[in-house]
Amino acid sequence: MEFTYSAYKNLIHLLQTGGYRVCSYHNWQDTARCVILRHDIDSSLGQAMALARVERELGVSSTYFVLLTSDFYNPASKGSVEKLRSIQSMGHEVGLHFDEKAYLEGTPEETVSRILHERDILASILETPVTTVSMHRPSQATLESDLQIPGMINSYGQTFFHDFKYLSDSRRRWREPVEEIVASGRYDRLHILTHAFWYHYQEEPIEVTVRRFISSANQERYRQMEENITDLASIMGGGASL
């Protein structure tokens, strides 16, 4: 499967023609043949918004999981909140993407406490309830512990990670032929994880995507500084922006 919006649209079409109903973590039990669409926002809220628009055009909704501990974006900034609320306004859910490696090692009970703490922060930022969580690069111990989190649904719990057929494009690589599996109709319950960061209008090598993202950081820093420093152009020397 290519990492393009057209390929993603084709995947949704395959699901729909195969009799799958796109459900959420909250209502999947209402149908015998369902698929949950999930997106982890590891790097770019802008790319997440772009995929959210594609899904809105297709009339489907999904869950976008946001990191509080990302080095690439600040979910509490004005621009980030606007993007996340825009995703919500398209009919999608925003959940918590939790990175256990942001903390010192702890017991499962400590991990649950940290998740609830981050949930409350994200809910406060968005001014909406946050009821779902996905793990960012979860350890084997976390996967095996089947964490039970009060008031939250764990997307890596037993139900969604084992009872569903789980398919993921992590690190821009499908471990299994997702289109063939969907077309086969072999599984009644599918749980599909995609990362919006990798998807574009045209197929491109991973090197191009990563290099462009790194290069764009200079422009973003320039715009941010321009909002806070008078006459930045002269400071930069003739108005040159990086």
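Residues numbered from 1 in each chain as written. Predicted model: local features only at pLDDT ≥ 70, side-chain atom pairs only at ≥ 80, totals over all residues. Heavy atoms only, no water.

Caption draft 1: Layout of the overall build of the protein chain. In terms of helices and strands, the protein chain carries nine helices and eight strands. A compact globule built from 242 residues should have a C-alpha radius of gyration of about 18 Å, and the protein chain, at 19 Å, falls within 12% of that. In terms of overall dimensions, the protein chain has C-alpha extents of about 65 × 45 × 30 Å along its principal axes. By the burial criterion, 46% of the 242 residues in the protein chain qualify as buried. Considering only contacts within the protein chain whose residues lie at least 6 apart along the sequence, 66% involve residues at least 24 apart. Taking the 24 positively charged and 32 negatively charged side chains of the protein chain as two groups, their mean positions are separated by 3 Å. (Helix = DSSP H or I, 4+ residues; strand = E, 2+ residues; numbered from the N terminus. Rg over C-alpha atoms; globule rule 2.2 N^0.38 Å. Buried < 20%, exposed > 50% of the residue type's maximum accessible area, 1.4 Å probe, protein only. Contact = heavy atoms within 4.5 Å. Lys, Arg positive; Asp, Glu negative; His and termini not counted. Charge placed at Lys NZ, Arg CZ, Asp CG, Glu CD.)

Caption draft 2: Structural context of the nonpolar core. Counting residues in hydrophobic clusters, the biggest one holds 58 residues, and the most contacted among them are Leu15, Ile115, Ile149 and Ile192. The next biggest cluster of nonpolar side chains, apart from the first, holds eight residues, and it includes Cys23, Tyr25, Cys34 and Phe160. (Core = buried A, V, L, I, M, F, W, Y, C linked by side-chain atoms within 4.5 Å.)

Caption draft 3: Fine view of unusual backbone geometry. Even without being a glycine, Arg137 presents a positive backbone phi close to 50°. Here Arg137 is to be found in the loop between β5 (132-135) and α5 (140-145).

No statement about biological role is implied by the geometric values presented.
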